[in-house]
Amino acid sequence: GFLPERFNFGDWDSVPGSGLYPLRPELLESCYFLHRATMDIGNEGGEVDGGWVWAADFALQSLESLTKTDCGYANIKNVGNGIPLELEDNMPSYFLSETLKYLYLIFDVGDENILHQKEGGKEWVFTTEAH
């Protein structure tokens, strides 16, 4: 579950020299918006354990098992195929303010959160860049 900075679809591998995964939020941001947009489709029983929630849970488990260190989380130096996992001694500040924010919002199932309320016609947009 991690995306390199650049990916070659023809080779189905990261572009040489650009396999860094710096704990970016964009994939989880997409999971959040897709989850919110599709959570009522085929979900008559009210369950929230499928689809995009599953993808977010997979990402969370990967972050916990592969990037967690004694004092935070670390970038992965190269996520290319067949390359042993090696961490950098770096945790970008946006990991806390953006990546973890989207994980929280995906698993936040209550309607009390203003972001999840359907009534009232919001006159604003919530995005990664609006933190």
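Think of each chain on its own: its residues are numbered from 1, step by step along the sequence as written. Given that this is a predicted model, residues contribute local features only at a pLDDT of at least 70 and side-chain atom pairs are listed and counted only at 80 or more, while totals for whole chains, interfaces and linings are drawn from all residues. No hydrogens and no water enter the side-chain calculation; it runs on all heavy atoms of the structure.

Describing the overall build of the protein
- In DSSP terms, a helix is any run of H or I states spanning at least four residues, a strand is any run of E spanning at least two, and both are numbered starting from the N terminus. When you go through the protein residue by residue, the secondary structure sums to three helices and four strands.
- The N-to-C order of helical and strand elements in the protein reads β-β-α-α-β-β-α.
- Taking all 131 residues of the protein together, 34% fall into the buried category.
- Pairs of residues are marked as contacts when any of their non-hydrogen atoms sit within 4.5 Å. Counting contacts in the protein only where the partners sit at least 6 residues apart, residues at least 24 apart contribute 59% of the total. Using a 1.4 Å probe on the protein chains alone, a residue whose accessible area is under 20% of its type maximum counts as buried, one over 50% counts as exposed, and one in between counts as partly exposed.

A word on the packing of helix H1 (residues 26-38) against helix H3 (residues 93-107)
- The N-to-C vectors of H1 and H3 enclose an angle of 25°; their axes lie 9 Å apart at closest approach. Taken together, the axis directions place H1 and H3 in an arrangement best described as roughly parallel. For H1 against H3, the interelement crossing comes out left-handed. Contacts between H1 and H3 involve Leu28, Glu29, Cys31, Tyr32, Phe33 and His35 from the first element and Thr99, Tyr102, Leu103, Leu105 and Ile106 from the second.
- In this classification, the charged set is Asp, Glu, Lys and Arg, the nonpolar set is Ala, Val, Leu, Ile, Met, Phe, Trp, Tyr, Cys and Pro, and all remaining amino acids, among them Gly, are polar. Taken together, the residues that form the contact of H1 with H3 break down as eight nonpolar, two polar and one charged. To get an axis, fit a line to the C-alpha atoms, keeping to the stretch in contact for a helix; angles then go from 0 to 180 degrees between the N-to-C directions. Each angle receives one of four descriptions, namely roughly parallel if under 35 degrees, roughly antiparallel if over 145, roughly perpendicular if within 65 to 115, and oblique otherwise. Each crossing gets its hand from how the near helix is turned against the far one by less than a right angle, where anticlockwise is left-handed and clockwise is right-handed.

With respect to the packing of aromatic side chains
- Any two of the Phe, Tyr and Trp rings considered here, Trp counted by its six-membered ring, make a pair once their centres fall within 6.5 Å; the pair's planes then place it as stacked at under 30 degrees, edge-to-face at over 60, or tilted in between. One pass over the structure, following the stated rule, counts nine aromatic pairs.
- Ring centres 5.8 Å apart and planes at 45° place the aromatic pair Tyr32 and Tyr102 in the tilted group. Of this pair, Tyr32 sits in helix H1 while Tyr102 sits in helix H3, placing them 70 residues apart in sequence. In terms of burial, Tyr32 and Tyr102 fall into one category: buried.
- Seen from their ring centres, Trp54 and Phe58 are 5.5 Å apart, and the 15° between their planes marks the pair as stacked. Here Phe58 and Trp54 lie together in helix H2 (residues 52-67), a separation of four residues that amounts to about one turn.

Points about the pattern of salt bridges
- A carboxyl oxygen of Asp or Glu within 4 Å of a side-chain nitrogen of Lys or Arg is what we treat as a salt bridge. Tallying each qualifying case throughout the model produces three salt bridges.
- With a closest N to O distance of 3.2 Å, Lys77 and Glu86 form a salt bridge.
- Note on Glu86: relative accessible area 45%, which makes it partly exposed.

Some details on a nonpolar patch on the surface
- Exposure above 30% relative accessible area and no salt bridge define the residues that can form patches, which grow by joining like charges within 9 Å and nonpolar side chains of Val, Leu, Ile, Met, Phe, Trp and Tyr within 5 Å. Note on areas: Shrake-Rupley with a 1.4 Å probe; residue coverage comes only from the protein chains shown. On the surface, Phe7, Phe9 and Trp12 cluster together into a nonpolar patch covering about 380 Å² of accessible area.
- Residue position: Phe9 is located in the loop between strand S1 (7-8) and strand S2 (13-14).

A few points about the packing of H1 against H2
- The contact between H1 and H2 brings their axes to 8 Å, and the two run at 155°. With respect to their mutual orientation, H1 and H2 come out roughly antiparallel. The chirality of how H1 crosses H2 is left-handed. Within the contact between the two elements, H1 uses Leu28, Cys31, Leu34, His35 and Thr38 and H2 uses Trp52, Val53, Ala55, Ala56 and Ala59.

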